Amino acid sequence: MKSFWDRKEKPYVLAVFLLPFLWMFCSLFLGRYFPDPGKLLMRLSGIWACVFMAGALSVMPLMTFQRFKNLARYRRFTGLAAFFYTVLHLIIYLVLFAGLSWTWIRSDLVEKPYIYAGVLALVILLLLAVTSTKNMMKRLGRNWKRLHRFVYLAALAMIAHLWWQVKSDTSLAVVFTLILGGLLVYRLVIHSKSLRRVFSL
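In this text the structure is predicted, and so the values were computed from the model without any measurement.

Thresholds, definitions, all that
- In every chain, residue numbers begin from 1 and rise along the written sequence.
- Only residues with pLDDT of at least 70 get local features here, since the model is predicted, and only at 80 or more are side-chain atom pairs given and counted; chain-wide, interface and lining totals rely on the full set of residues.
- The basis for every side-chain value is the complete set of heavy atoms in the structure, and neither hydrogens nor water enter the calculation.
- Strands are runs of DSSP state E lasting at least two residues, helices are runs of H or I lasting at least four, and both sets are numbered from the N terminus onward.
- The buried label goes to any residue with under 20% of its type's maximum accessible area, the exposed label to any with over 50%, and the partly exposed label to all in between, with areas taken from a 1.4 Å probe on protein chains only.
- Between two residues, a contact is recorded if the distance between any of their heavy atoms is within 4.5 Å.
- Surface exposure here means Shrake-Rupley accessible area, sampled with a 1.4 Å probe, where a residue is shielded only by the protein chains that are shown.
- Per residue, pLDDT captures the predictor's confidence, and it can take any value from 0 to 100.
- Residues enter patches when their relative accessible area tops 30% and they take part in no salt bridge; the joining distance is 9 Å for like charges and 5 Å for the nonpolar side chains Val, Leu, Ile, Met, Phe, Trp and Tyr.
- Criterion for a salt bridge: a side-chain nitrogen of Lys or Arg within 4 Å of a carboxyl oxygen of Asp or Glu.
- In summary, the charge assignment counts Lys and Arg as positive and Asp and Glu as negative, without counting His or the chain termini.
- In this description, the location of a charge corresponds to atom NZ of lysine, CZ of arginine, CG of aspartate or CD of glutamate.
- Polar contact criterion, stated in full: a pair of N or O atoms within 3.5 Å, where within protein one must be able to donate a hydrogen and the other to accept it, and residues adjacent in sequence count only if both atoms are side-chain atoms.
- By nonpolar core is meant a set of buried Ala, Val, Leu, Ile, Met, Phe, Trp, Tyr and Cys residues that side-chain atoms within 4.5 Å join together.
- Here the expected span of a helix is defined as 1.5 Å times the quantity of residues minus one.

Attention shifts here to the overall build of the protein chain. Helix and strand content of the protein chain: ten helices and zero strands. Walking the protein chain from its N terminus toward its C terminus, one meets helices and strands in the order α-α-α-α-α-α-α-α-α-α. Residues counted as buried form 34% of the 201 residues belonging to the protein chain. Considering only contacts in the protein chain between residues 6 or more positions apart, those separated by 24 or more positions represent 66%. Of the roughly 13200 Å² that the protein chain leaves accessible, carbon and sulfur atoms contribute 69%.

Residues of the protein chain with pLDDT of at least 70 account for 88%, and the chain-wide mean is 85. When pLDDT is averaged over each element of the protein chain, helix 5 (residues 114–130) comes out on top at 95 and helix 10 (residues 192–200) at the bottom at 53.

Let us now look at unusual backbone geometry. Here the phi dihedral of L100 falls at roughly 55°; this positive angle occurs in a residue that is not glycine. Note that L100 resides in the loop between helix 3 (75–97) and helix 4 (102–111). Residue classification places L100 among the exposed residues on the basis of a relative accessible area of 62%.

All right, on to a positive patch on the surface then. Judged by side-chain charge, R75, R142, K145, R146 and R149 come together as a positively charged surface patch. If you tally residues by element for the positive patch, the top one is helix 7 (residues 142–148), at three residues. Turning to its location among the elements, R75 is positioned in helix 3.

Together, L14, V16, L18, L19, L22 and F84 make up an exposed nonpolar region whose accessible area comes to about 480 Å². With five residues, the top contributor of residues to the nonpolar patch is helix 1 (residues 10–29). Assignment of secondary structure puts V16 in helix 1.

Turning to the side chain of H148, a few remarks are in order. As for its position among the elements, H148 is in helix 7. Reaching out from H148, the side chain makes a polar contact with the side chain of T131 at a distance of 2.9 Å. When neighbours within four sequence positions are excluded, H148 is seen to be in contact with L128, T131 and S132.

In this structure, M53, L57 and M158 are the most contacted members of the largest nonpolar core, which totals 44 residues. Broken down by secondary-structure element, the contributors of at least two residues to this core are helix 1, helix 2 (37–62), helix 3, helix 5, helix 8 (151–165) and helix 9 (171–190). No other element matches helix 2, which puts nine residues into this core. Residue contacts for M158: discarding those within four places in its chain leaves A49, C50, M53, T86, A121 and L125.

Residue position: S45 is located in helix 2. If we skip the residues at most four places from it in the chain, S45 touches M24, Y85, L88, H89 and I92.

In this section: helix 3. Between its terminal C-alpha atoms helix 3 stretches 32 Å, which fits the 33 Å expected from 23 residues at 1.5 Å a residue. Of all the positions in helix 3, only F77, T78, A81, A82, F83, Y85, T86, L88, I92 and Y93 are classed as buried. The first or second residue beyond helix 3 is G99, which carries a positive phi of 60°.

In structure tokens:
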């Protein structure tokens with residue numbers, strides 16, 4: 001019997017990735033997040049952005065095991081999901097939290113510099129999303145891999161965004177730092193020979 005990963009069921013995988021969004025969307029209209037939906041939805045969308053970022057970075061380590069080789073076909077979905085929830089995080093901030101008030105947003109840009117780390121992650125993920133197609137891979141050639149290595153900078157920006165805004169409860173920041181940080185260290189170890197050649201020049 002063929003496993004799930006042996007079948008081309010990408011629409012079902014896409015539906016699974018959208019479940020958190022549908023849950024948040026339905027809960028919002030059912031009034032479960034009132035009286036302050038913006039704050040809670042921002043937290044939830046940020047969590048899911050980090051979850052899918054961790055998922056995207058986990059594909060390569062998991063592919064070292066034979067049974068997970070077929071995960072590669074879903075790596076793009078996972079990366080796009082991270083981008084989607086990052087954009088959702090921004091939209092929720094602009095609409096539900098700041099109320100599209102430029103005065104409010106301008107004040108936050110001055111008083112909450114962690115926003116810049118989040119914007120950096122978003123810009124990088126936008127570039128990676130736009131260039132994630134097979135056509136762009138062919139057009140960019142070797143530069144495609146170089147560009148997509150910026151995903152690690154996006155992960156670091158997410159970690160910085162988490163820690164920069166933390167007040168008393170550091171649990172989420174610690175969890176995602178350990179997960180994303182561990183995955184980044186793994187990539188550094190894998191490419192340690194290449195790094196040594198670069199620094200020896």
